[in-house]
Amino acid sequence: DNFSVRWTGSVIARTSGTYTFHATTDDGVRMWVDGEKIMDEWRDRAPTETRGRAALEAGKPAKVVIEYYERGGGASCTLEWNGPGLEKQVVPKESLFGQ
């Protein structure tokens, strides 16, 4: 209970196009891709999906920042995506890079 975290790194897509990111969190979440805020649900809530879209270029790292906080009760944060030719899935570790 009563904690927050900030993850920073990069995501690399295999195909260029617009991707939708899906963050399911209990409680708040904010997300930026290359400095553009695509999610902002900074409030207490039960597990809920928040979506945001970003254009990604194949093979080019896009800087990602995710902030999450948990007030009380359950704690969860899952990040999924879908895009050109890609069904909704958890963002694979092969597409994520730390900084």
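**Q** Teacher, can you tell me more about the nonpolar core here?
**A** Soluble globular proteins: nonpolar side chains tend toward being buried together. Of all hydrophobic cores here, the largest spans 18 residues; its most connected members are V11, F21, M31, V33, L56, L79 and W81. Of all elements in the fold, only β2 (17–26), β3 (28–33), β4 (36–41), β5 (48–56), β6 (62–70) and β7 (76–83) reach the threshold of two or more residues within this core. The residues touching V11, leaving out its near neighbours within four places in the chain, are F21, K60, P61, A62, V64, W81, V91, S95 and L96.

**Q** What exactly am I supposed to notice about the sheet that holds β4 here?
**A** Hydrogen bonds between backbone groups are what pair the strands of a sheet, and the pairing can be parallel or antiparallel. On the basis of which strands lie adjacent, the open sheet formed by five strands has the order β4-β3-β6-β1-β9 and antiparallel pairing. The two strands at the open ends of the sheet, each matched to only one other strand, are β4 and β9 (96–98). Adjacent strand axes in the sheet meet at a mean angle of 25° when their direction is disregarded. Examined bridge by bridge, strand β1 (residues 3–11) and β6 share nine bridges and lie antiparallel to one another. Each residue of the ladder has a partner; that of F3, found in β6, is E70.

**Q** How should the sheet that holds β7 be read in this particular structure?
**A** The strand order β5-β2-β7-β8 describes an open sheet built from four strands, whose pairing is antiparallel. Looking at the sheet topology across the chains shown, the edges are occupied by β5 and β8 (86–90). Going from strand to strand, the sheet's axes swing by 20° on average, the running direction of each strand aside. In this sheet, β5 lies alongside β2 in antiparallel orientation, the contact comprising nine bridges.

**Q** Just checking my understanding: could you explain the pattern of salt bridges for this structure?
**A** In a structure, side chains of opposite charge can pair up when their charged atoms sit close to one another. Taken as a whole, this structure holds eight salt bridges when the rule is applied. As a salt-bridge pair, E67 and R30 come within 2.8 Å of each other at their nearest N and O atoms. You can see E67 sitting in strand β6 and its partner R30 sitting in strand β3, a full 37 residues away along the chain.

**Q** Help me understand the packing of aromatic side chains, please; the structure alone is not making it clear to me.
**A** Summed over the entire model, instances satisfying the criterion amount to five aromatic pairs. With 6.0 Å between their ring centres and 70° between their planes, F3 and Y68 make a pair best called edge-to-face. One end of the pair, F3, is in strand β1; the other, Y68, is in strand β6, and 65 residues separate them in sequence. A relative accessible area of 3% means that Y68 is categorised as buried. By the ring-pair criterion, three or more aromatic residues cluster together here, those being F3, W7 and Y68. Its end group placed over the ring of W42, R30 keeps NZ or CZ at 3.7 Å from the ring centre.

Scoring rules and cut-offs
- Residues numbered from 1 in each chain as written.
- Predicted model: local features only at pLDDT ≥ 70, side-chain atom pairs only at ≥ 80, totals over all residues.
- Heavy atoms only, no water.
- Core = buried A, V, L, I, M, F, W, Y, C linked by side-chain atoms within 4.5 Å.
- Buried < 20%, exposed > 50% of the residue type's maximum accessible area, 1.4 Å probe, protein only.
- Helix = DSSP H or I, 4+ residues; strand = E, 2+ residues; numbered from the N terminus.
- Contact = heavy atoms within 4.5 Å.
- Pairing = 2+ DSSP bridges.
- Axes fitted to C-alpha atoms, helices over the stretch in contact; angles between N-to-C directions.
- Salt bridge = Lys/Arg side-chain N within 4 Å of Asp/Glu carboxyl O.
- Phe/Tyr/Trp six-rings, centres within 6.5 Å; stacked < 30°, edge-to-face > 60°.
- Lys NZ or Arg CZ within 6 Å of the ring centre and 35° of its normal.

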